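Structural characterization, general
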Amino acid sequence: MRIAVLGDGAMGCLFGSLLSVRNHVVLVGVHPEKSELLRREGVRIVQADGEHLYHPDTTTDTSGMSPVDLVILFVKSMHTREALQTNAGLIGPSTLVATFQNGAGHDELISPFVPRTRIIIGTTQDNASVRDFGVVVHGGTGNTAIGRVEGESDALEPIAAEFTACGFPTKVSSEVMRSVWRKLFNNTSISALTAVLQCSMEYLGQHQETWDAVVSLVDEALSVAKADGYPFDREDVRRDIRGVLDRAHGGYTSIYSDIKAGRKTEVDMISGYVVRRAKALQVPVPRQELMVRLIHALETKPRD
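For clarity, every value in this text was computed on a predicted model and none was experimentally measured. (Residues numbered from 1 in each chain as written. Predicted model: local features only at pLDDT ≥ 70, side-chain atom pairs only at ≥ 80, totals over all residues. Heavy atoms only, no water.)

**As for the overall build of the protein chain**
This is how the line gets drawn: The helix and strand labels rest on DSSP assignments: H or I over at least four residues marks a helix, E over at least two residues marks a strand, and numbering proceeds from the N terminus. Radius of gyration means the value over C-alpha atoms here, while the globule rule gives 2.2 Å times the residue count to the 0.38 power. We call two residues in contact when some of their heavy atoms are within 4.5 Å.
Each helix and strand counted, the protein chain has twelve helices and twelve strands in total. Relative to the 2.2 N^0.38 estimate, which gives 19 Å for 304 residues, the radius of gyration of the protein chain is 18 Å and therefore close to what a compact globule would have. For the protein chain, the C-alpha atoms occupy an extent of roughly 50 × 45 × 35 Å along the three principal directions. At a minimum sequence separation of 6, the contacts of the protein chain that also span at least 24 residues come to 69%.

**Considerations on the sheet that holds strand E1 (residues 2-6)**
Condition: Strands pair, by our definition, only if DSSP identifies at least two bridges between them. Fitted lines through C-alpha atoms give the axes, limited to the stretch in contact for helices. The angle between two N-to-C directions lies from 0 to 180 degrees.
On the basis of which strands lie adjacent, the open sheet formed by eight strands has the order E5-E2-E1-E6-E7-E8-E11-E12 and mixed pairing. Looking at strand neighbours, the two that pair on one side only are strand E5 (57-59) and strand E12 (170-172), the edges of this open sheet. Across the sheet, the axes of successive neighbouring strands diverge by a mean angle of 25°, strand direction being ignored. Helix H1 (residues 10-19) rests against E1, strand E2 (24-28), strand E6 (70-73) and strand E8 (119-124) of the sheet, and its axis sits at about 165° to E2.

**Points about unusual backbone geometry**
The cut-off we apply is this: Three labels apply to residues, based on accessible area from a 1.4 Å probe with only protein chains included: buried if under 20% of the type maximum, exposed if over 50%, partly exposed otherwise in between.
In this model, glutamine 198 sits at a positive phi of 50°, which is unusual for a non-glycine residue. If you trace the backbone, glutamine 198 turns up in the loop between helix H6 (176-197) and helix H7 (201-204). The phi angle at glutamine 282 is positive, at roughly 60°, despite the residue not being glycine. Here glutamine 282 lies in the loop between helix H11 (271-281) and helix H12 (286-299). On the basis of relative accessibility, which here comes to 73%, the residue glutamine 282 falls in the exposed class.

**A few points about the sheet that holds strand E9 (residues 127-132)**
The four strands are arranged E4-E3-E10-E9 in an open sheet whose pairing can be described as mixed. Where the open sheet ends on each side, the last strands, each with one partner, are strand E4 (50-54) and E9. Taken pair by pair, the neighbouring strands of this sheet meet at an average axis angle of 30°, ignoring direction. In this structure, E9 lies alongside strand E10 (residues 135-140), joined through four bridges in antiparallel fashion. Bridging from a neighbouring strand, valine 130 pairs with valine 136 of E10.

**Quick notes on the pattern of salt bridges**
Put simply, the rule is: Take a side-chain nitrogen of Lys or Arg and a carboxyl oxygen of Asp or Glu: if they are within 4 Å of each other, that pair is a salt bridge.
A full pass over the atoms with the stated rule returns 21 salt bridges. Between aspartate 8 and lysine 34 there is a salt bridge; the shortest N-O distance is 3.6 Å. Placement of aspartate 8 in the loop between E1 and H1 and of lysine 34 in helix H2 (residues 32-41) is noted, with a sequence separation of 26 residues between them. Overall, aspartate 8 belongs to the buried group, its relative accessible area being 9%. Residue lysine 34 is classed as partly exposed on the basis of its relative accessible area, which comes to 21%. Between aspartate 107 and arginine 116 there is a salt bridge, with the nearest N and O atoms lying 2.9 Å from each other. Since its relative accessible area comes to 13%, aspartate 107 is described here as buried.

**Let's talk about the packing of aromatic side chains**
What counts, and what does not: For Phe, Tyr and Trp, where Trp contributes only its six-membered ring, two rings pair if their centres lie within 6.5 Å, and the inter-plane angle classes them as stacked under 30 degrees, edge-to-face over 60, or tilted in between.
Enumeration over the complete set of coordinates arrives at ten aromatic pairs. With 6.1 Å between their ring centres and 25° between their planes, phenylalanine 100 and phenylalanine 163 make a pair best called stacked. Placement of the pair is phenylalanine 100 in the loop between strand E7 (96-99) and helix H4 (107-110) and phenylalanine 163 in helix H5 (residues 157-165), with a sequence separation of 63 residues. Between the aromatic rings of tryptophan 181 and tyrosine 273, the centroid separation amounts to 6.1 Å while the plane-to-plane angle is 55°, which identifies the pairing as tilted. Of this pair, tryptophan 181 sits in helix H6 while tyrosine 273 sits in helix H11, and the two are 92 residues apart along the sequence. Since its relative accessible area comes to 0%, tryptophan 181 is described here as buried. Judged by relative accessible area, which is 13%, tyrosine 273 ranks as buried.

**With respect to H1**
Most of H1 is tucked away: ten of the ten residues are buried. Of all the residues in H1, the buried ones are Ala10, Met11, Gly12, Cys13, Leu14, Phe15, Gly16, Ser17, Leu18 and Leu19.

**Observations regarding the nonpolar core**
Selection criterion: By nonpolar core we mean a set of buried residues, namely Ala, Val, Leu, Ile, Met, Phe, Trp, Tyr and Cys, connected to one another through side-chain atoms within 4.5 Å.
Trp181, Leu184, Phe185 and Ile241 are the most contacted members of the largest nonpolar core, which totals 43 residues. Sorting the residues of this core by element identifies H6, H7, helix H8 (208-227), helix H9 (234-246), helix H10 (254-261), H11 and H12 as the ones contributing at least two each. Once residues within four sequence positions are removed from consideration, isoleucine 241 is found in contact with Phe185, Asn186, Ser189, Ile190, Trp211, Val214 and Val218. In terms of nonpolar packing, the next biggest core, distinct from the first, is built from 32 residues, Cys13, Leu38, Phe74 and Val136 among them.

**Here we look at the environment of glutamine 101**
Cut-off, in case you're wondering: Whenever two N or O atoms come within 3.5 Å, that pair is a polar contact, provided that in protein one can donate a hydrogen and the other can accept it, and provided that, for residues adjacent in sequence, both atoms are side-chain atoms.
Structurally, glutamine 101 is set in the loop between E7 and H4. Classification of glutamine 101 as buried rests on a relative accessible area of 5%. Separated by 92 residues in sequence, glutamine 101 and glycine 9 have C-alpha atoms that sit 12 Å apart. The contact partners of glutamine 101, leaving out residues within four places of it in the chain, are Leu73, Val75, Lys76, Ser77, Thr80, His106 and Lys183. At 3.0 Å, the side chain of glutamine 101 and the backbone oxygen of valine 75 are in polar contact.

Dropping the structure here:
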């Protein structure tokens, strides 16, 4: 496949690098110096079995490039529209656009650019963080799911097979929002708490106090999902969350990194989405609301 990954942060580099082993991948960023360095020196992915070097194509200028088979979005949600407008030449009459961005509601931002039948919602339990320039730590692994926003998802099986062959075990989901909710359970508990506490994911599983906080946030999100028509087994979800923490190996979340660097976060598309759905469904979520307020407060907190 010809694949364009929009966003050369940790997750974009991770997916772009591993997918480049079997596919033609271009990693699209916005900083020419970074893009040139990645092109020249490659991307180093640190995994449990050691460090591996990959060489996906890189660029900041896709003008004149032919349409690709698949565009994968790994930019922050607030940059989605700009990224698609700037790289519109990559989208042809049969191009699929997949979002693996954190949170929910991204399809509304993508739909002006492609028909909703060509929008793929992706969720993954894999995570990554930048350790150094051009060095990405693959901090945790898990399952990936993809599905169409509208229309039959069976046609996505070849993409799922290709992702799986490249190191991301992937299944096609006919209930894509169920997969979205399952990832929201992770992000609105693990990611939110790592941002507020400025700690690693692994740390959350090492102390009873932090684990109890994770569980309380998960339980609120479970109540909203159930009211939204997506019931889950509470103990099953808790086991999944525990497994993510146990496999984290010191990994950090993107929202942790944003707060640490003094950047705006995607909390409004993550915990904020759960709060909005909770209000619409009249489900109380005081802990989720608190997380949103605290993270917004941290975004504007003066740096030492």
